[in-house]
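So you can see what is in the structure, the chains are spelled out below.
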Amino acid sequence: MFDALADRLESAWKKLRGQDKITPANIQDALREVRRALLEADVNLQVVKDFIAGVEAKAQGAEVISGVRPDQQFIKIVYDELVEVMGDTNVPLAQAEVAPTVVLMAGLQGTGKTTATAKLALHLKKIDRNCLLVATDVYRPAAIDQLVTLGKQIQVPVFEMGSDADPVEIARRGVEQGKAEGVDTVIIDTAGRLQIDRDMMGELARIKEAVQPQETLLVVDAMTGQEAANLTRTFHEEIGITGAILTKLDGDSRGGAALSVRQISGQPIKFVGVGEKVEALQPFYPERMASRILG
Ligand code: GDP
């Protein structure tokens with residue numbers, strides 16, 4: 001587990017021969033190594049600074065544990081802090097008291113939003129929850145077709161009204177249909193743009209207002225690294241998210257976006273996407289992500 005960082009910390013400490021406990025002076029080298037590891041994992045710079053300040057405060061107040069080397073004690077503090085900041089445990093999907101639970105999917109185009117919509121439906125289906133998917137991306141007819149195709153593949157119905165209808169109306173009717181059919185979860189796929197823009201945010205806010213979802217999940221591409229922080233800040237400020245899905249973790253990113261998303265929004269990452277296939281969705285576990293980020 002995070003051997004690279006552990007080795008670097010060990011050598012940082014070896015330079016300080018004879019110092020067998022964590023002190024304000026000898027901690028600086030170690031903090032520098034942690035900062036480097038987090039930046040290499042693509043954690044946003046400001047998020048790194050805040051995180052390091054938290055670790056520094058904890059490490060300085062740490063009791064000396066006899067028999068435990070200070071570098072090992074320090075790395076445990078870093079790991080625990082990382083797990084804590086990312087929420088300690090997996091947070092399951094919210095469920096409405098009266099069905100259907102409504103889940104609104106938000107995010108930029110190409111992040112894996114439509115795929116994640118189908119993945120989530122399949123995940124719920126496997127635990128005996130039935131879903132209805134709703135296609136509101138009227139700007140790209142191919143996006144509607146894509147959801148319909150995925151729906152067929154996982155045998156989950158898709159509600160759509162073609163590409164001439166108003167997205168807010170489609171979402172509203174989709175939820176009504178879900179209610180009428182007694183499904184327990186309605187997942188609404190929305191339009192994404194290549195960049196954050198006013199129209200997209202305005203439309204999302206109107207859909208949210210109309211359907212009052214229990215979950216508004218931001219779909220974040222783990223490969224976007226530093227950018228994940230700005231994206232999260234904007235979506236959270238403008239529409240308010242309740243959680244996130246981090247996609248493309250099967251790529252070679254170290255997943256630093258997870259720390260940025262959580263620290264900036266205060267909302268949990270609920271699932272991770274680990275491949276193109278509809279089965280490739282897993283619940284998010286902070287411990288696993290902490291190990292991955294530390295490298
Ligand atoms: P949308 O525009 O946000 O709806 O994105 P799509 O769902 O169409 O996905 C964009 C591309 O990313 C597609 O080629 C997907 O197969 C791919 N994709 C989505 N999720 C993942 C993932 O977790 N891992 C990988 N490797 N590819 C993914």
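Residues numbered from 1 in each chain as written. Predicted model: local features only at pLDDT ≥ 70, side-chain atom pairs only at ≥ 80, totals over all residues. Heavy atoms only, no water.

Quick note on the threshold: UniProt positions are given in the numbering used here, feature names are shortened, and annotations may be inferred rather than shown by experiment.
In the annotation of an unreviewed UniProt entry, the entry for the protein reads Signal recognition particle protein, and the organism field reads Aliterella atlantica CENA595. Quoted verbatim from the Sequence similarities (unreviewed entry) field of the UniProt record, the comment on the protein reads "Belongs to the GTP-binding SRP family. SRP54 subfamily." Listed in UniProt under the heading Function (unreviewed entry), the comment for the protein reads: "Involved in targeting and insertion of nascent membrane proteins into the cytoplasmic membrane. Binds to the hydrophobic signal sequence of the ribosome-nascent chain (RNC) as it emerges from the ribosomes. The SRP-RNC complex is then targeted to the cytoplasmic membrane where it interacts with the SRP receptor FtsY."

**Some thoughts on the pattern of salt bridges**
Rule in force here: Within this document, salt bridges are pairs made up of a side-chain nitrogen of Lys or Arg and a carboxyl oxygen of Asp or Glu, the two lying within 4 Å of each other. Secondary structure elements follow DSSP: runs of H or I no shorter than four residues count as helices, runs of E no shorter than two count as strands, and numbering proceeds from the N terminus. A 1.4 Å probe rolled over the protein chains alone gives each residue an accessible area, and that area as a share of the maximum for its type sets the label: buried under 20%, exposed over 50%, partly exposed in between.
Scanning all chains against the criterion turns up 13 salt bridges. Two residues, K58 and E84, come together in a salt bridge whose shortest N-O distance is 3.4 Å. In this pair, K58 is assigned in helix α3 (residues 45-60) and E84 in helix α4 (residues 70-85), connecting sequence segments 26 residues apart. Look at E84 and you get partly exposed, because its relative accessible area is 45%. A salt bridge links D184 to R129; the nearest nitrogen and oxygen atoms lie 3.8 Å apart. Residue D184 is found in the loop between α7 (167-181) and β4 (185-189), and its partner R129 is found in the loop between α5 (113-126) and β2 (131-135); the two are separated by 55 residues along the sequence. A relative accessible area of 11% means that R129 is categorised as buried. One salt-bridge network, in which partners are shared between bridges, spans K58, E81 and E84.

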